[in-house]
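A closer look at the structure
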Amino acid sequence: MPIQFLSRWLTFVALSLACFIGNARANEKPNIIYLMLDEWGYFESGHMGHPELLTPNIDQFAREGMRFTNAYAGAPVCGPTRCVLLTGLHSGHTSMRVNDGFSPIRADEPTLATMLRESDYVTGGFGKWGIGGRGTSGIPEEHGFDEFFGYYDQVHAHTFYPQYLIRNSQEVLLPGNPGESFYEGDTHAQLVIFEEAKKFIQRNRDKPFFCYLPWTPPHGIWGIDEDDPSWMLFKDKPWTAGQKTDRDARVYAAFLHLVDRQLGEILDLLREQEIDENTIVFLCGDNGGQDYFKTDERPHGFFAPNLNPKTGERFRAGKGSLYEGGLRVPYLVRWPGRVKAGNVSDHLLCFQDVMPTLAELTDTTCPETDGVSFLPTLLDEKGQETHQTLYWEYGNQRAVRKDQWKAYRAAKADWELYDLSSDVEEKNNVADEHPGVLKQLVEYASEAHEPVRPGKVYDRSLTQKDRRQAPHHRRSNTGEDRGND
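Below or above, wherever it landed, is the structure these notes cover.

Calculation criteria
Residues numbered from 1 in each chain as written. Predicted model: local features only at pLDDT ≥ 70, side-chain atom pairs only at ≥ 80, totals over all residues. Heavy atoms only, no water. Core = buried A, V, L, I, M, F, W, Y, C linked by side-chain atoms within 4.5 Å. Buried < 20%, exposed > 50% of the residue type's maximum accessible area, 1.4 Å probe, protein only. Helix = DSSP H or I, 4+ residues; strand = E, 2+ residues; numbered from the N terminus. Phe/Tyr/Trp six-rings, centres within 6.5 Å; stacked < 30°, edge-to-face > 60°. Lys NZ or Arg CZ within 6 Å of the ring centre and 35° of its normal. Pairing = 2+ DSSP bridges. Axes fitted to C-alpha atoms, helices over the stretch in contact; angles between N-to-C directions. Contact = heavy atoms within 4.5 Å. Salt bridge = Lys/Arg side-chain N within 4 Å of Asp/Glu carboxyl O. Parallel < 35°, antiparallel > 145°, perpendicular 65-115°, else oblique. Nonpolar A, V, L, I, M, F, W, Y, C, P; charged D, E, K, R; others polar. Left-handed = near helix turned anticlockwise from the far one by under 90°. Polar contact = N/O pair within 3.5 Å; in protein donor to acceptor, adjacent residues only side chain to side chain.

1. Some points on the nonpolar core
Counting 54 residues, the largest nonpolar core has Ile 33, Ile 201, Leu 213, Trp 215, Leu 283, Phe 293 and Phe 303 as the members making the most contacts within it. Sorting elements by how many residues they give to this core places helix 7 (residues 246-272) first, with 14 residues. Grouped together as the second largest cluster of nonpolar side chains are 47 residues, Met 96, Ala 113, Met 115 and Phe 282 included.

2. Regarding the packing of aromatic side chains
Under the definition given, this model contains 34 aromatic pairs. Aromatic side chains Tyr 42 and Phe 43 sit 4.8 Å apart centroid to centroid with 65 degrees between the ring planes, which places their arrangement in the edge-to-face category. This pair shows no difference in class: Tyr 42 is buried, exactly as Phe 43 is. Among the aromatic side chains, those forming a connected cluster through ring pairs are Trp 222, Phe 234, Trp 239, Tyr 252, Tyr 292, Phe 293, Phe 302 and Phe 303. Above the ring of Tyr 323, the side-chain terminus of Arg 316 is found at 3.9 Å from the ring centroid. The cationic tip of Arg 338 hangs over the ring face of Trp 335; the distance from NZ or CZ to the ring centre is 4.6 Å.

3. Looking at the sheet that holds strand 6 (residues 164-167)
Across the sheet, which stays open at both edges, the 10 strands sit in the order 7-6-5-4-8-1-9-10-2-11 with mixed pairing between neighbours. On the outer flanks of this sheet lie strand 7 (170-173) and strand 11 (343-345), each paired with one strand and no other. Averaged over all pairs of adjacent strands, the angle between their axes in this sheet comes to 15 degrees, without regard to strand direction. Summarising the sheet, strand 4 (residues 122-128) and strand 8 (residues 209-218) pair through four bridges and their orientation is parallel.

4. Observations concerning the sheet that holds strand 15 (residues 405-410)
Read from one edge to the other, the open sheet built from four strands follows the order 13-14-15-16, with strand pairing classed as antiparallel. The open sheet has two edge strands, strand 13 (390-394) and strand 16 (416-419), and neither has a second partner. The average angle at which neighbouring strand axes cross in this sheet is 15 degrees, direction not considered. Set on the sheet, helix 11 (residues 435-448) makes contact with strand 13, strand 14 (397-402), strand 15 and strand 16; between it and strand 14 the angle comes to about 120 degrees.

5. Focus on the pairing of strand 16
Both faces of strand 16 are covered, namely the face carrying Glu 416 and Tyr 418 and the face carrying Leu 417 and Asp 419. Here strand 15 runs beside strand 16; their pairing, made up of four bridges, is antiparallel. Bridged to Trp 405 within strand 16 is Asp 419. Between the end of strand 15 and the start of strand 16, which pair antiparallel, lie five residues, with Ala 411 showing a positive phi angle near 50 degrees.

6. A short note on the pairing of strand 1 (residues 31-38)
Among the eight residues that make up strand 1, eight are buried, leaving the element largely enclosed by the rest of the structure. With seven bridges joining them, strand 1 and strand 9 (residues 279-285) adopt parallel strand pairing. Bridged to Asn 31 within strand 9 is Thr 279. Direction of pairing for strand 1 relative to strand 8: parallel, over a ladder of seven bridges. Residue pairing for strand 8: Leu 37 is matched across the bridge by Trp 215.

7. Points about the pattern of salt bridges
Side-chain pairs of opposite charge can arise whenever the charged atoms involved come near each other. This structure, assessed with the given rule, holds 31 salt bridges. One salt-bridge network, in which partners are shared between bridges, spans Glu 147, Arg 167, Glu 196, Lys 199 and Arg 203.

8. Concerning the packing of helix 2 (residues 56-64) against helix 7
For the pair helix 2 and helix 7, the least separation of the axes is 7 Å and the interaxial angle reads 50 degrees. As far as their axial angle goes, helix 7 and helix 2 are oblique. Here Pro 56, Asn 57, Ile 58 and Phe 61 of helix 2 come into contact with helix 7, specifically with His 257, Asp 260, Arg 261, Leu 263, Gly 264 and Leu 267. Within the contact of helix 2 with helix 7, the residues separate by chemical class into five nonpolar, three polar and two charged.

9. Things to note about the environment of Val 84
For Val 84, the position within the fold is in helix 3 (residues 78-87). Of the residues examined, Val 84 reaches a relative accessible area of 0% and is grouped as buried. As for Val 84 and Leu 263, which are separated by 179 residues in sequence, their C-alpha atoms are 24 Å apart.

10. A look at the packing of helix 5 (residues 189-203) against helix 7
With their axes 11 Å apart at the nearest point, helix 5 and helix 7 run at an angle of 15 degrees to one another. Between helix 5 and helix 7, the angle falls in the class roughly parallel. Taken as a pair, helix 5 and helix 7 cross one another with a handedness that is right-handed. Touching Gln 190, Leu 191, Phe 194, Lys 198, Ile 201 and Gln 202 of helix 5 are Leu 258, Arg 261, Gln 262, Glu 265, Ile 266, Leu 269 and Leu 270, all from helix 7. For the contact of helix 5 with helix 7, the per-class residue count stands at seven nonpolar, three polar and three charged.

11. Observations regarding the side chain of Arg 134
The topology assignment puts Arg 134 in the loop between strand 4 and strand 5 (147-151). A residue is classified by how much of its surface remains accessible, and Arg 134, at 5% relative accessible area, is buried. A polar contact is formed between the side chain of Arg 134 and the backbone oxygen of Ser 169, at a distance of 3.1 Å. Here Asp 466 takes part through its side chain, which lies 2.8 Å from a polar atom of the side chain of Arg 134. Setting aside residues up to four positions removed in sequence, Arg 134 forms contacts with Ile 139, Tyr 152, Tyr 164, Ile 166, Ser 169, Glu 171, Asp 459, Leu 462, Thr 463, Lys 465 and Asp 466.

12. Some details on helix 3
Counting buried residues in helix 3 gives 10 out of 10 residues, a clear majority hidden from the surface. When helix 3 is considered as a whole, its buried residues turn out to be Cys 78, Gly 79, Pro 80, Thr 81, Arg 82, Cys 83, Val 84, Leu 85, Leu 86 and Thr 87. Those residues of helix 3 that are buried lie in contact with strand 1, helix 4 (112-117), strand 4, strand 8, helix 9 (354-362) and strand 13.

13. Here we look at unusual backbone geometry
Omega for the bond connecting Pro 217 with Pro 218 falls within 30 degrees of zero, at 10 degrees, which places this linkage in the cis form. Note that Pro 218 resides in strand 8. Its identity is not glycine, yet Asn 168 carries a phi of approximately 45 degrees, on the positive side. Positionally, Asn 168 belongs in the loop between strand 6 and strand 7. Residues other than glycine seldom take positive phi values, yet Ala 317 does so here, at roughly 60 degrees. Summarising the element assignment, Ala 317 is placed in the loop between strand 9 and helix 8 (324-327). By relative accessible area, which is 30% here, Ala 317 ends up partly exposed.

Structure below.
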């Protein structure tokens, strides 16, 4: 065979093979990582203009992916918002609407993991579960997860130095943790959870995986290793947040840097395993920020999670409230080559939208949900549907959003109405000026609420045991104290 012909033939084979491999990879189901940081505030990152918190990897993530400006949590607190995310139902339809730490979803309910496992995904979760303690109908291994490692009960997650964590309902001892203090122990739970998540990714690099990371930091009762590199950056900051909270404020900043550091390590791992381009990563907060460590000089909280440092506008209230401050969350998505880098979208989304989005992304049959897929927006395609109306309830509060209008009611008070297009701070109640709009939203609120059909607790001794891992619940007789989850 002439050398010239052989050279052309080899070039043709190489190009054909490259094309074949490219098409095969394009048809592969993408890996999915969903990272949710507990109480990470809307403005608590460098790319949002925060002057003190250090988030270099989150900032780079935002530059490489899409940022949503109009993203809403499913609820203003930890447990109920997780329920909305994992079941695709808004909080008027969910089976778990309280935040006591252990209450479960029903045994028959599908979740994101249930749906994806039916499409041949390996499913793993690492962090704080929050929708069913041990001994209940809501445990993750009965809801689609091949593996879940971390905390099942949210009160258990109040300490980063517990005696044990949970893997598929079995206790995993953490060496050197007596469990007597929030601040002392040899094994920091977040570091262990992170390492287990990395192992899951490495083990499953050759098959489609769903890696759910509902991490507790930066929320918590703040304990950190004295030699942690993130703590070294902040331990000597001359910050004054009140005599009892100076250290906690510094640890909060270190916690946010710690999870930022771990995010960077996960992205590095994806590149090392050569799966970066076939992995879509979601990054969000779980509910609105809280005004921790506020002082007279910093009345919006020491790190002002709901205060726009550029405009001075503040989302009203915070965690626990159905005003904007309790519901607006940071929301970023990165997928190299598929999600346009540096894109910013004002598409209105809420946590119930994640299930239909992942179903469309993976060509999987989606259970009935209250959500709308935002995949067209992610892929910069036409045909994006929008929500006609969004609804939330928590305790005695109710809220409805339609277009720019937001209706809110607390307990038995009168309904309020706000035009978010001109009043994002919800300062000007315009209910009297727009009675027709308010009537329409109130009618929808009535239609959206269904009575709760809760899950079941089978073994109360297990729920109590895990809750007592947190030192402030250790001497509780019932184990049913309400925590700041």
